[in-house]
Amino acid sequence: MSSVIAQTRFSVLDRSRTREGYDGPQALRDTVELARRIEGLGYHRFWVSEHHSVPGVAGSAPTVLAAAVAAATSTIRVGTGGVMLPNHQPLVVAEQFGVLESLFPGRIDMGLGRSVGFTDGIRRALGRDKEAAGDFASQLTELLGYFTGDQSAHPQVHAHPAEGLLPPAFVLATGAGAQVAAAAGLPLVIAAARGDEEMLRAIDGYRDAFRPSAWGERPYVVISGSVTVAETTEEAERLLVPEAWASAYSRTRGAFPPLAPVDKILALPMNDREWELFDEAGRGHLHGTADEVADGLEKLLGRSGADEYLVANSTYERDALLDSYRRLAALVGLPHPGA
């Protein structure tokens, strides 16, 4: 194991993906159970996500789910990846995280994103519009001010029990949001949604513009992406199939579906456009044998200088998913890789 891998923290993000034959409630229970297993493997933190009106994702209330995860575990950090701040009033978000931090002191992370519902109907149901994401910086300032007690958007309004607490806050970004994180003095969580080179440029810009704050004295970079490890390259590639097909399906039919079994997907007749999207969605993922993944991790971590890797995997077979996390834990030298 290289020194760059050994010096990097590894954590897990789970999106509570639904699967054919298993409903949303089961997906949420699976997330809680996975968190227990991930804690046993020695990962640093476990985060859950926020999606609204998406058939393939059960995680619609991340602070509620984070509470269930924190109650089912005892040492691992628990948080959100993330709460989409434009969907909510900052006061309510502050109150929710104040409650979480009060119940599970020292274990709660406040991951915050700037996305809004992805259709007009969802945005209307949430009472938001597309422009809400443009106010992210001011929403973030207001939210953080409720914890420090100096927010000025609503004089004499206080968030209890949040005021006086400082659960670590993170900004989830793909590009411009990196500058918001830098200006606020917060850690950055970033994925290569537009390719590695653009991600690396955003990281450099974040570090250059970072201003120390009560929330952070120096830049802190978390790269997020899938990392799939199996006994053979072919087995690792099979783990990517369900999510790749769900992505292709959503882009051709307008709805993000539950995950389907690999063999069922590979037997489906696909037109040229579906094959193209399916193949595209399967590319760019860090996957393979332990040696192949170690090589890829070493290169990416070396180029980015990231402090942490937030691994976001999903596949139909839960045993195979856990096995991948177990192999990764052993690869990167986590303290309990055999759990």
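That block above? That's the structure.
Quick look at the structure, then. (Residues numbered from 1 in each chain as written. Predicted model: local features only at pLDDT ≥ 70, side-chain atom pairs only at ≥ 80, totals over all residues. Heavy atoms only, no water.)

**Some details on unusual backbone geometry**
Part 1: The amide bond that connects glycine 81 to the next residue, glycine 82, takes the cis arrangement and shows omega of 0°.
Part 2: Along the chain, the position of glycine 82 falls in the loop between β3 (77-80) and β4 (83-84).
Part 3: Here the amide bond leading from histidine 160 into proline 161 is cis, since omega sits at 5°, within 30 degrees of zero.
Part 4: Within the secondary structure, proline 161 sits in the loop between α6 (136-148) and β6 (169-173).
Part 5: Although it is not a glycine, serine 53 sits at a positive phi angle of roughly 55°.
Part 6: Inspection of the secondary structure puts serine 53 in the loop between β2 (45-48) and α3 (62-72). (Helix = DSSP H or I, 4+ residues; strand = E, 2+ residues; numbered from the N terminus.)

**Focus: the packing of helix α2 (residues 24-41) against α3**
Part 1: Two numbers describe how α2 lies on α3: the axes approach to 9 Å, and their chain directions differ by 40°. In this view, α2 runs oblique relative to α3, as classed from their interaxial angle. Here α2 and α3 pass one another in a crossing that is right-handed. Side by side, α2 and α3 meet where Leu28, Thr31, Val32, Ala35 and Arg36 of the first sit next to Leu65, Ala68, Val69 and Ala72 of the second.
Part 2: The residue makeup of the contact of α2 with α3, split by class, is seven nonpolar, one polar and one charged. (Axes fitted to C-alpha atoms, helices over the stretch in contact; angles between N-to-C directions. Parallel < 35°, antiparallel > 145°, perpendicular 65-115°, else oblique. Left-handed = near helix turned anticlockwise from the far one by under 90°. Contact = heavy atoms within 4.5 Å. Nonpolar A, V, L, I, M, F, W, Y, C, P; charged D, E, K, R; others polar.)

**Looking at the pairing of strand β1 (residues 9-14)**
Part 1: Burial within β1 is extensive, with five of its six residues counted as buried.
Part 2: Relative to β2, β1 runs parallel, the two sharing three bridges. Bridge pairing links leucine 13 to tryptophan 47 in β2.
Part 3: Where the polypeptide runs from β1 across α2 and back to β2, its parallel neighbour, the crossover connection is right-handed. (Buried < 20%, exposed > 50% of the residue type's maximum accessible area, 1.4 Å probe, protein only. Pairing = 2+ DSSP bridges. Right-handed = clockwise from strand over helix to strand, strands pointing away.)

Nothing here speaks to function; it is geometry throughout.
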